[in-house]
Amino acid sequence: MAAIQINLISGRTIQQGVAMESGKEKPAYRDACGILELDDAEFKRLGIFKNTNVRVSSEFGTVVVKAIGATQGPHPGLGWIPMGPWANALVDPNTYSTGMPTFKGTPVTVDVAENETVLDAIALITEECL
Amino acid sequence: MTDYLIKNGFVFDPVQGINGDKVDVAIKDGKIVDAGDVTNPTIIDATGMTVMAAAVDIHAHVAGPKVNMGRNFRPEDKLFNCTAGSGMKRMEGGFSVPTVLRTAYLYARMGFGFSMEAAMPPLYARHTHEEIRDTPIIDQGALPVFGNNWFVLEYLKENEIENTAAYIAWLLNQTKGFGVKCVNPGGTESWGWGLNCETVDDVVPYFDVTPRQIVSGLIEANEYLGLPHCMHVHGNSLGEPGNYGITLDTLKIAEGVKPQNDFGREVVLHNTHLQFHCYGGESYASKSFESKSKEVVNYINSVDNISYDLGVVTLDETTTMTADGPFEHHLSHMNNLKWANTDVELETGSGIVPFIYNPKTFIAGAQWAIGLECGLFIKDPMRAYITTDAPNAGPLCRYPRVYKWLMSAKARDDMLDNTLKYGDKIRERCYIGELDREISLYELAMMTRAGPAKTLGLSHMFGSLKPGLEGDVAVYPYNPETDTDDPEKIEYAFGNAAYLIKGGKLIVKEGEIVDMGNKRTFWVNAKVNENPMVERDISEKFRRYYTVTQNNYTVEGPHFVPNPYVIEVDATK
Amino acid sequence: MAKIVTDVVCPFCGTLCDDLEVALSDDGKEILEVYNACAIGATKFLHSQASDRLTRPQKKQEDGSWKEVTYDEAADYTAKMLVDAKKPLMYGWSSTSCSAQGVGAEIGEEVGACMDNTATVCHGSTLIAVQDVGVPSATLGEIANRADRVVFWGCNPAHAHPRHMSRYSIFPRGFFTGKGSKSRQMIVVDPRNTDTAKMADVHLQLEQGHDYELLSAIRVAIRGEKLPDVVAGISKEQIYEVADTLKSGRFAVIFFGMGVTHSLGKNHNIDIAISVTRDLNDYTKAAIVPMRGHYNVTGSGQVWGWQFGFPFCLDLTRGFARYNPGDSSSNDLLVRDELDAVFVLGSDPGAHFPVRSVKKIAQLPSVCIDPHITPTSAVSKMHVPVAFVGVEVGGCAYRMDNVPIETKKVVEPPEGMLTDEEFLQLVLNRVRELKGAA
C-alpha cells in the first residue's frame, strides 16, 4: 500500500467546538476531531477512497483517524486534523524556549489502516498515557 | 476599636495653623478627636518625629487597563526587584509599574491614605475597580475620562451644558467614578484617524468641536453638578516644545468661572502634571528649548480658581502611560522603544511607552528642573501639589526624593553640579538657578495633604488633623530641629514612615506593615433631573455603536466595589 | 410562556458576545432555548443540563475505577497534594471568572506553585511579542465603527469565533462604516482555503510556516522598496497590491490567530505582524488584535498582571514571582520532569497539549477541576466537577480586546454543586491550615 508524506496542521472547526461542548467522551467528538482532511490529489496518491481509516505517524507519535475530503480546501501539501488529542498525538512538542509547542507544520506519513478503528478521546488518551 | 494618642511629635497641620508645635494627636473610633477625648489609648511615642495627616495623592496611574499593560508588557521592569511575602504582606514586584500589592505597601510606607487613579476609560471601569479592590490599605477613587467622549463632543458642539451634566452624572454612576478627567481634549478622538488636536482651537474631525469648547463645557458642567472635585485637565500638546502658550490658552478658559459646590473646593480647574506643559522654544535642543514655568505659574498666581500638580521628572527609567494616544505614538518615534496603544470605542484611547529620563541628556535635566520650578514659583502652596504623574515622569516610590529636592537648595545644586551632565546649560535655559526657595514642612503639608484634599472636595475627611476628620495620621522619623543638616534624611524619612494610622487602624508600626486596613472605593453619585433626551441618546448609542449592551455596561456588585464610600450630590435644583 | 433572560454573556470564546437571550422553563430551572448564540455557544448552555452530568467529585481507585467523594474530601486531597509538592503546576485558569483566578493566585502563592494559563498553547507567542515590540490596538467597537481594511491572518473566525465578523469586524454598520461589509476590504492570509478565506476580497494562500517572510515582504512593499518575484508562494504584484490596499485605508486592522502563534518562528511571527501595524500608522491608522481563544484567558493574564506582574508562565516556587517562558512554561516543565504535582482548572491540557506532556500529567499526583469529563479528568487522580461559570454562576471575564464584561448566572447549578471559586476557597483554607500546622 502507498504511504504519503504531508505537512500536518491543526486548528479549530465549528464541529470540533460543538462536539467539545457536547462532551469529549462522546462519539460525536471523535467524529469531529478524529479525522484527517486531505485534498483529492492526496487520495489519489494514497490510492484510497474518502472516508477510509488511515494511520498517521510523525517523529513524535502515531494515531489512527479517518481520512476525509478537505472541507476547506484545496490546500496542496497540507493535511488537517482538527485540534484535539488525535492531532496532539502527532505534533512536535518542542517549544524552542518559547513555551509554545510547535503545533503546526509537523511532517507526517499517512498510510492506509482500513481495519483499524478510530478510538474515542478517552480511550485514546488512556491508551497512550495509562 | 483601639484609641490612639500620638504624643510629643512635631505636628504640621496648615488647616489648623499648627506649624511644628508639639501637639498630641488623638484618634477614637476611626476619627481624629481632641486629645482629652480618648480613654486608655495606645500611646505612640513620636518624640523627635514629624506628625502630619496622611498624605493625599491627587493624580497617579496605579490601577486599570493601561497600568496593567505597562506591567505585563515590561517584564524587565521587575528584574531583580521581586520580593517574597512576609508577615501579612504578599509577594511584590515592579519598579515603575508595581503590582497592586507593592503599590499599597509603598503608599503606606510613604504615609499616604488616599490616592486618585488619574484616568479610567469608562468601558474598562470594571478592570480599574478590580485592581483597586485588590490594592489594600489605601482609599482610592478613579476619574473617568470625558474629553474625547462622543456624547460630550456632540453636546458641547451645541454648548448643551445641562445634557453634558446629565451624561456625566449617568456615567459616574455607571462606572462608579469620582469626577471629570479630560485628557488631550479632542486630540484622542482625532487619533482614531491617526490625527491630533495641537491647539485649543483645532477642530476635531467630523465632530466639528474644538478643545476650547470641550474644556469650557466640561468646567461648566462640573460646576452645574457641583461635584466635589473640579474639572481635571491634561491639555493639548503635552510635552511639545513651545506648548506653554497652549497651556495658558487652556488655563484662561477658566477665567471668571466661580466654583459651585458644597465641599469647600475653591478652584474650578486642575491642570495636572504642569511640568509637561511649560515648555518654550522650538525643539528639544539646548539652544532652543527653554523653561516657561515662571510664565505659566505666574498666571496661576494671578488668579484664584486654578490648581495644579507638578509631575516632576525623577530621572529614572520608567513607563509612560496616558489616555493621550497621539502623544505616546509621537514618543515611540522619539525613542523607538515598544509602543502599546488602545483606542476605546466612543470614549477615549491610550498609549504606553517605556522611557528613560537620562540625566546625561540636556532635555531630561531640563524637564527635571521645570517640574521643581513649578513647585517653587507657587505663591499659595494650597494650589500646587507634589506628584510625579506616576509613573509618567517618575515612579511612585520617588515621591520622597522629590520632596528632598523641593525642600533643599543644596540637594538641587548637588544634582546640577554633580549628577546632570548639562547642569550649567540647564541653569541657563531654565529658572532653576535663580530659585533658592526651600519648601518648608508646613508648606509640604499643604502640597501633599491639605491642598489636594481640598481640591478633591475631601477636606471634610482628609488633609488635616482637625477633630472630626478621618483618623489618618502619618508619623515620619524626621526631626525638624536636628535633621536639617542632610537632605538625604528627608528622602529617607518620607519613604519610611514610622507609623501610619488609617481610618483609625494602625497600619504601619515601627516601620513595618502590620495591618491591611479597611480599604474603601470612593465614588460620586450625582442626582440630576430626569433627562429623556440624554437617556434616549444613551440607549441609541448602545444599540448602534457600542459592542456591549447597555445593561452589561454598568459596574455593579460587591466583587467590583466591595466597600464603597459614596458621596451624594444633588443637582436637581 | 417561557421566561427570557436577556443580555446573557456567552462563556465560550474570546469574542464574549453579550447579547444572548436564554429561554427558561416557568420554574426557571431548565434552559429551553438559547437565542443569538453561535452553534458552539448554544451547545455550551444546553449541554450544561445534560442528564448524565457528573455532580460530585470522584477519586480514582487503584483499579482505575472512580469513587465518589465529598467536596471537603476533594479539597483536603487537593490541598495536601499542593502543600506536599515541591514544584506543583497549577494550570488552566481560562474558563473561569476573575474572582476564581484571584483565589487561585493566593493558593499558588501559598504553596509556591508554577502557574500557567492556556495562553501557553495559544497566544503565549503573542504575549512574548508584545513584550518585545508593544502592540498598537483598539477595542472591537473601534473596529466596528471605523475599520475599512480588515485582515485575518492565520485565523478562521468562521469556525473559531463564529460571531466575530457579524458583531465586530466585517458586517456591522458602524458610525463611520454605515455600509457594513461594503465599507470594508477583507483580506485573509491562510494556507488553507478556509470558510473565512472564501468570503474575502483577497485571499493570500501562503505556504504554511512562511508567515514571517510574507509579513516582512509587506513591510518592504509598504515602504515602496524592491521585492523578489515570489515570497512565501505569493507573487510580488499581489504583495504590492495588498500593501497599497492597507495604506490607502482610513483604518486598517489585523486580526491574527494560531496560524502564526503555532508555526515555527512563534513570537517572531507576531513581532513582525505588530511591526507592520506600527509601520502602517505612519501612513494611516492601524491596529492589531489577537483572536484570543478561551472566553477568559485574557482575564487570567490581567489578574496575574496586577498581582504578580506577568501574564503567564509564572514560577512562584522561590517565594517571589519569576517569569521565563521556555523555563517556567507548562509544556517545558512537564517534558523536563520538573514537576511533582499537577492541578488543572478551567482547561483541558489532556486534549490540547502534545501527548508527551499529557503522559507526564498521567504519571503525577493530579487534580482536575472541570464540569465536563475530559481527557484531562480521565488521566487525573481526582476529578472535581463544578458549576459552569457564565451559566450557573456569574463573574467577570475579559474579552479578546481586554474589555471586562460580567458573565451572568442564568440557572442554578445542580443541588449541592460548588462553584470553582467556592471550591478554591475550601482548598485555600485547607492549605492555610496545613501550613499553619507545619
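Residues numbered from 1 in each chain as written. Chains lettered and ligands numbered in written order. Predicted model: local features only at pLDDT ≥ 70, side-chain atom pairs only at ≥ 80, totals over all residues. Heavy atoms only, no water.

**As for the overall build of chain B**
Argument step 1. In terms of regular secondary structure, chain B is built from 17 helices and 26 strands.
Argument step 2. Taking 573 residues into account, the globule formula puts the C-alpha radius of gyration at 25 Å, and chain B, at 22 Å, falls close to it.
Argument step 3. Each principal axis of the C-alpha atoms in chain B carries an extent, and together these give about 65 × 55 × 50 Å.
Argument step 4. Out of the 573 residues belonging to chain B, those deemed buried represent 69%.
Argument step 5. By element, 47% of the accessible surface of chain B is carried by carbon and sulfur atoms, the whole surface being about 17,500 Å².
Argument step 6. Charge-centre separation for chain B: the mean point of 53 positive side chains lies 3 Å from the mean point of 75 negative side chains. (Helix = DSSP H or I, 4+ residues; strand = E, 2+ residues; numbered from the N terminus. Rg over C-alpha atoms; globule rule 2.2 N^0.38 Å. Buried < 20%, exposed > 50% of the residue type's maximum accessible area, 1.4 Å probe, protein only. Areas by Shrake-Rupley, 256 points an atom, 1.4 Å probe, with all protein chains shown as cover. Lys, Arg positive; Asp, Glu negative; His and termini not counted. Charge placed at Lys NZ, Arg CZ, Asp CG, Glu CD.)

**Topic: the overall build of chain A**
Argument step 1. When helices and strands are counted, chain A shows 5 helices and 6 strands.
Argument step 2. Going from the N terminus to the C terminus, chain A shows its helices and strands as β-α-α-β-α-β-β-β-α-β-α.
Argument step 3. Against the globule reference of 14 Å for 130 residues, chain A gives a C-alpha radius of gyration of 14 Å, in line with a compact fold.
Argument step 4. Principal axes of the C-alpha set define a box for chain A whose edges measure 35 × 35 × 30 Å.
Argument step 5. Here chain A holds 130 residues, and 62% of them are scored as buried.

**Details of the nonpolar core**
Argument step 1. Grouped together as the largest cluster of nonpolar side chains are 251 residues, with contacts concentrated most on Y167, L218 and W368 of chain B together with F152, F255 and F423 of chain C.
Argument step 2. If you count residues domain by domain, this core takes at least three from each of domain 2 (58–120 + 295–437) and domain 3 (124–290) of chain C.
Argument step 3. Those residues in contact with Y167 of chain B that sit more than four places away from it in its chain are F146, N149, F151, V152, Y155, V534 and I538 of chain B.
Argument step 4. F43 of chain A together with C17, V34 and A351 of chain C belong to the second largest nonpolar core, which has 50 residues in total. (Core = buried A, V, L, I, M, F, W, Y, C linked by side-chain atoms within 4.5 Å. Domains from an automatic or database assignment. Contact = heavy atoms within 4.5 Å.)

**Details of the pattern of salt bridges**
Argument step 1. As enumerated under the stated definition, the model contains 77 salt bridges over all chains in all.
Argument step 2. Here D483 of chain B makes a salt bridge to K489 of chain B, at a shortest N to O gap of 3.7 Å.
Argument step 3. Its salt-bridge partner being D279 of chain C, residue R219 of chain C comes within 2.8 Å of it at the nearest N-O pair. Separated by 60 residues along the polypeptide, R219 of chain C in helix α8 (residues 211–222) and D279 of chain C in helix α11 (residues 267–280) bring together distant segments of the chain.
Argument step 4. For R219 of chain C, a relative accessible area of 23% gives the class partly exposed. (Salt bridge = Lys/Arg side-chain N within 4 Å of Asp/Glu carboxyl O.)

**A word on the pairing of strand β15 (residues 285–290) of chain C**
All names here are of chain C.
Argument step 1. A large share of β15 lies buried, amounting to 6 of its 6 residues.
Argument step 2. Side-chain alternation along β15 places K285, A287 and V289 on one buried face and A286, I288 and P290 on a second face that is also buried.
Argument step 3. By the bridge criterion, 6 bridges tie strand β14 (residues 251–256) to β15 in an arrangement that is parallel. Residue F255 lies in a different strand from β15, and its bridge partner there is V289. (Pairing = 2+ DSSP bridges.)

**Quick word on the interface of chain A and chain C**
Argument step 1. Contact residues are listed per partner, giving 52 residues for chain A and 59 residues for chain C.
Argument step 2. Across the chain A/chain C interface, buried area totals approximately 4,300 Å², and carbon plus sulfur atoms make up 62% of it.
Argument step 3. On the chain A side of the contact with chain C, E21, Q72 and M100 of chain A bury the most area, a combined 18% of that side's loss.
Argument step 4. If you look at where chain A meets chain C, you find 2 salt bridges.
Argument step 5. A salt bridge links D52 of chain C to K26 of chain A; the shortest N-O distance between them is 3.4 Å.
Argument step 6. Where chain A meets chain C, there are 18 residue pairs in polar contact (both at pLDDT 80 or more).
Argument step 7. If you list the elements that add at least two residues to the side of chain A that touches chain C, you get β1 (3–11), α1 (14–22), β5 (78–82), α4 (85–88) and α5 (121–129) of chain A.
Argument step 8. With 8 residues, α1 of chain A is the single largest residue contributor to the side of chain A that touches chain C.
Argument step 9. Among the residues making up the side of chain A that touches chain C, the classes are represented as 24 nonpolar, 20 polar and 8 charged. (Buried area = accessible area lost by both parts, 1.4 Å probe. Polar contact = N/O pair within 3.5 Å; in protein donor to acceptor, adjacent residues only side chain to side chain. Nonpolar A, V, L, I, M, F, W, Y, C, P; charged D, E, K, R; others polar.)

**Regarding the packing of aromatic side chains**
Argument step 1. Tallied over the entire structure, the rule returns 42 aromatic pairs over all chains.
Argument step 2. Ring centres 5.2 Å apart and planes at 75 degrees place the aromatic pair F114 of chain B and F522 of chain B in the edge-to-face group. With F114 of chain B in strand β9 (residues 112–120) and F522 of chain B in strand β25 (residues 521–527), this residue pair connects regions lying 408 residues apart in the sequence. Here the two residues F114 of chain B and F522 of chain B agree in accessibility, since each one is buried.
Argument step 3. What links up through ring pairs into an aromatic cluster is the set F146, F151, Y167, W170, F542, Y546 and Y553 of chain B.
Argument step 4. Over the aromatic face of W193 of chain B sits the side chain of R146 of chain C, whose NZ or CZ is 4.9 Å from the ring centroid. (Phe/Tyr/Trp six-rings, centres within 6.5 Å; stacked < 30°, edge-to-face > 60°. Lys NZ or Arg CZ within 6 Å of the ring centre and 35° of its normal.)

**Some points on the sheet that holds strand β18 (residues 339–344) of chain B**
Argument step 1. A sheet is described by the order of its strands in space; here 4 strands give the open sequence β17(B)-β19(B)-β18(B)-β8(C), paired in mixed fashion. With partners counted over all chains shown, the strands left at the sheet margins are β17 (317–322) of chain B together with β8 (134–138) of chain C, one partner each. Sheet twist, expressed as the average angle between the axes of neighbouring strands with direction ignored, equals 10 degrees.
Argument step 2. Here 5 bridges tie β18 of chain B to β8 of chain C, and the two strands are oriented parallel to one another. Directly across from W339 of chain B, in β8 of chain C, lies its bridge partner G134 of chain C.
Argument step 3. In this fold helix α10 (residues 325–335) of chain B packs onto β17, β18 and β19 (348–356) of chain B, with an angle of close to 25 degrees to the strand it touches most, β19 of chain B.
Argument step 4. Along the sheet face, α11 of chain C touches β18 of chain B together with β8 of chain C and points at about 60 degrees away from the line of β8 of chain C. (Axes fitted to C-alpha atoms, helices over the stretch in contact; angles between N-to-C directions.)

**Side note on the packing of helix α3 (residues 98–111) of chain C against helix α12 (residues 297–308) of chain C**
All names here are of chain C.
Argument step 1. Two numbers describe how α3 lies on α12: the axes approach to 10 Å, and their chain directions differ by 45 degrees. In terms of axis orientation, α3 runs oblique to α12. Along this stretch, α3 crosses α12, giving a crossing that reads as right-handed. Along the contact surface, α3 presents C98, Q101, G102, A105 and E109, while α12 presents G299, S300, V303, W304, Q307 and F308.
Argument step 2. Grouping the amino acids of the contact of α3 with α12 by side-chain chemistry returns 5 nonpolar, 5 polar and 1 charged. (Parallel < 35°, antiparallel > 145°, perpendicular 65-115°, else oblique. Left-handed = near helix turned anticlockwise from the far one by under 90°.)

**Some remarks on the environment of D208 of chain B**
Residue and element names in this part refer to chain B.
Argument step 1. Turning to its location among the elements, D208 is positioned in the loop between α6 (187–191) and α7 (211–225).
Argument step 2. Along the chain, D208 and P121 lie 87 residues apart, while their C-alpha atoms are 23 Å from each other.
Argument step 3. Apart from the residues lying within four places of it in its own chain, the contact partners of D208 are K157, V203 and Q213.

**Some points on the environment of T47 of chain B**
Residues and elements named next belong to chain B.
Argument step 1. Structurally, the position occupied by T47 is in the loop between β6 (42–45) and β7 (50–53).
Argument step 2. Along the primary structure T47 and G468 are separated by 421 residues, whereas in three dimensions their C-alpha atoms are 24 Å apart.
Argument step 3. Aside from chain neighbours lying at most four places away, what touches T47 is K7 and N8.

**Overview of the interface of chain C and chain B**
Argument step 1. Opposite the 59 residues of chain C that make contact, chain B presents 57 residues.
Argument step 2. Together chain C and chain B conceal approximately 5,000 Å² of surface at their shared face, both sides included; 54% is due to carbon and sulfur atoms.
Argument step 3. Linking chain C to chain B there are 4 salt bridges.
Argument step 4. We note a salt bridge from K285 of chain C to D343 of chain B, for which the minimum N-O separation is 2.7 Å.
Argument step 5. Where chain C packs against chain B, one counts 37 residue pairs in polar contact (both at pLDDT 80 or more).
Argument step 6. Secondary structure elements with two or more residues in the side of chain C that touches chain B: α3, α4 (124–133), β8, α5 (140–146), α7 (164–169), α12, β21 (395–398) and β22 (404–407) of chain C.
Argument step 7. Ranked by residue count, the leading element in the side of chain C that touches chain B is α12 of chain C, at 6 residues.

**Here we look at the UniProt feature "domain: Amidohydrolase" (unreviewed entry) in chain B**
Argument step 1. In this structure's numbering, the residues bearing the UniProt feature "domain: Amidohydrolase" (unreviewed entry) are residues 43–507 of chain B.
Argument step 2. Between the C-alpha atoms that bound residues 43–507 of chain B the distance is 15 Å, and the span itself is 35% helix and 17% strand. (UniProt positions renumbered as here; feature names shortened; annotations may be inferred.)

**Re the packing of α8 of chain C against helix α9 (residues 236–248) of chain C**
Residue and element names in this part refer to chain C.
Argument step 1. Direction vectors running N to C along α8 and α9 enclose 65 degrees, while the axes themselves pass 9 Å from each other. With respect to α9, the element α8 is oriented roughly perpendicular. For the pair α8 and α9, the crossing hand works out as right-handed. Residues L214, A217, I218, A221 and I222 of α8 lie in contact with α9, whose contacting residues are I239, Y240, V242, A243, L246 and K247.
Argument step 2. Among the residues forming the contact of α8 with α9, the class breakdown is 10 nonpolar, no polar and 1 charged.

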